Amino acid sequence: MKIKRQKQAKKTLSFYKYNFSFREPFQILIDGTFCQAALKNKIQIKEQMPKYLMGEVQLCTTSCALKELETLGKELYGAKIILQRFQVRRCPHFKEPVPASECLLSMLGDTNPHHYFVATQDHTVTTGLKKIPGVPLLYIILNTIVLDKPCQTSLDHVQAVQLGELVSPAQQQSIRSLKEEQGIGKDGERRGKKRKRKQSNPNPLSCLKKKKKAGPTPPKKTAEQGEKRKRSRHKKRRTEGGDMSAPVVTNT
């Protein structure tokens, strides 16, 4: 049963990683109801959560969730001690606390941009989560932590993205970053000064010196009429030994 539950968790994690860009360390928002169930079932959240999700986690809560446990009295004192050990994320209700269920849903917004997991036993929170795409839900059942399957809203969102009807959060972020790099605002117009063109060097071929045009070639000299062309004759002298010496040129 444990192996089957681990396989299902791995499959669900792959769904959120591929379609909603979830990455380690996983940020898990926890409320008092989850801590109370963990205390009742003797579950060590810090030890078992990373093993179950097969990765590094960051356990966190909100000041509203802590304030709610303080007002509920001694019955939830143990859950309060557990919740105080986690990181406290800043929420917009610092001066005027609201119920934990309302605070957790406000931290997620419409698209869960910070990629939070939510660990709760509150039915009000789980009902609200199923209306937001891309929010993994964790709860405790039968003395074990369980990662719920993706809700229908998340499945419909992924299908719409695949059909080209919507843009995924990862694609929205990449488009936003590209627009910032190019200096393009929301209205599609470029912001800032126009870029000056860099001064380019002249074409090296245009810098070459022009070749001078050669003048007309003079005609070849020809022998004047009536003047005979002189011929040169080569004579060889014979030496006393009978050898032939170098020729002597004579003009006739």
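Residues numbered from 1 in each chain as written. Predicted model: local features only at pLDDT ≥ 70, side-chain atom pairs only at ≥ 80, totals over all residues. Heavy atoms only, no water.

In terms of helices and strands, the protein carries nine helices and eight strands. Relative to its full complement of 252 residues, the protein shows a buried share of 31%. When contacts within the protein are restricted to residue pairs at least 6 apart in sequence, those whose partners lie at least 24 apart make up 56%. Of the accessible surface of the protein, which amounts to about 19,600 Å², a share of 52% is contributed by carbon and sulfur atoms. (Helix = DSSP H or I, 4+ residues; strand = E, 2+ residues; numbered from the N terminus. Buried < 20%, exposed > 50% of the residue type's maximum accessible area, 1.4 Å probe, protein only. Contact = heavy atoms within 4.5 Å. Areas by Shrake-Rupley, 256 points an atom, 1.4 Å probe, with all protein chains shown as cover.)

Our next topic: the pairing of strand S5 (residues 137-141). As defined by bridge partners, strand S4 (residues 116-119) adjoins S5 across two bridges and the pair is classed as parallel. Its bridge partner being in S5, valine 118 is matched across the sheet by leucine 137. A crossover links S4 with its parallel partner S5, the connecting element being helix H7 (residues 123-129), and its sense is right-handed. Two strands pair when backbone bridges link them, and S5 and strand S6 (residues 144-147) are joined in this way by four bridges, in the antiparallel orientation. Within S6, the position partnered with tyrosine 139 by the bridge is valine 146. Counting the residues in the hairpin turn of S5 and S6 gives two residues, including leucine 142, whose phi is positive at 55°. (Pairing = 2+ DSSP bridges. Right-handed = clockwise from strand over helix to strand, strands pointing away.)

Our focus in this paragraph is the sheet that holds S4. Read across the sheet, six strands follow the order S3-S2-S1-S4-S5-S6 without closing on themselves; strand pairing throughout is mixed. Each having just a single partner strand, strand S3 (87-89) and S6 make up the two edges of the open sheet. Pairwise comparison of adjacent strand axes, ignoring direction, gives a mean angle of 35° for this sheet. Along the sheet, helix H1 (residues 2-20) contacts strand S1 (26-30), S4 and S6; its crossing angle with S6, the most-contacted strand, is approximately 35°. Helix H2 (residues 32-40) rests against S1, S4, S5 and S6 of the sheet, and its axis sits at about 30° to S5. (Axes fitted to C-alpha atoms, helices over the stretch in contact; angles between N-to-C directions.)

Of the two faces of S4, both are covered, the one formed by Tyr116 and Val118 as well as the one formed by Phe117 and Ala119. Where S1 and S4 come together, four bridges link them in parallel fashion. Within S4, the residue paired with glutamine 27 across the bridge is tyrosine 116.

This paragraph deals with the pattern of salt bridges. Here the structure, examined in full by the defined rule, presents one salt bridge. Lysine 67 is the salt-bridge partner of glutamate 70, the closest N and O atoms lying 4.0 Å from each other. Residue glutamate 70 and its partner lysine 67 are both found in helix H4 (residues 63-72); the two are separated by three residues, about one turn of the helix. Among the residues examined, lysine 67 registers a relative accessible area of 42% and is labelled partly exposed. (Salt bridge = Lys/Arg side-chain N within 4 Å of Asp/Glu carboxyl O.)

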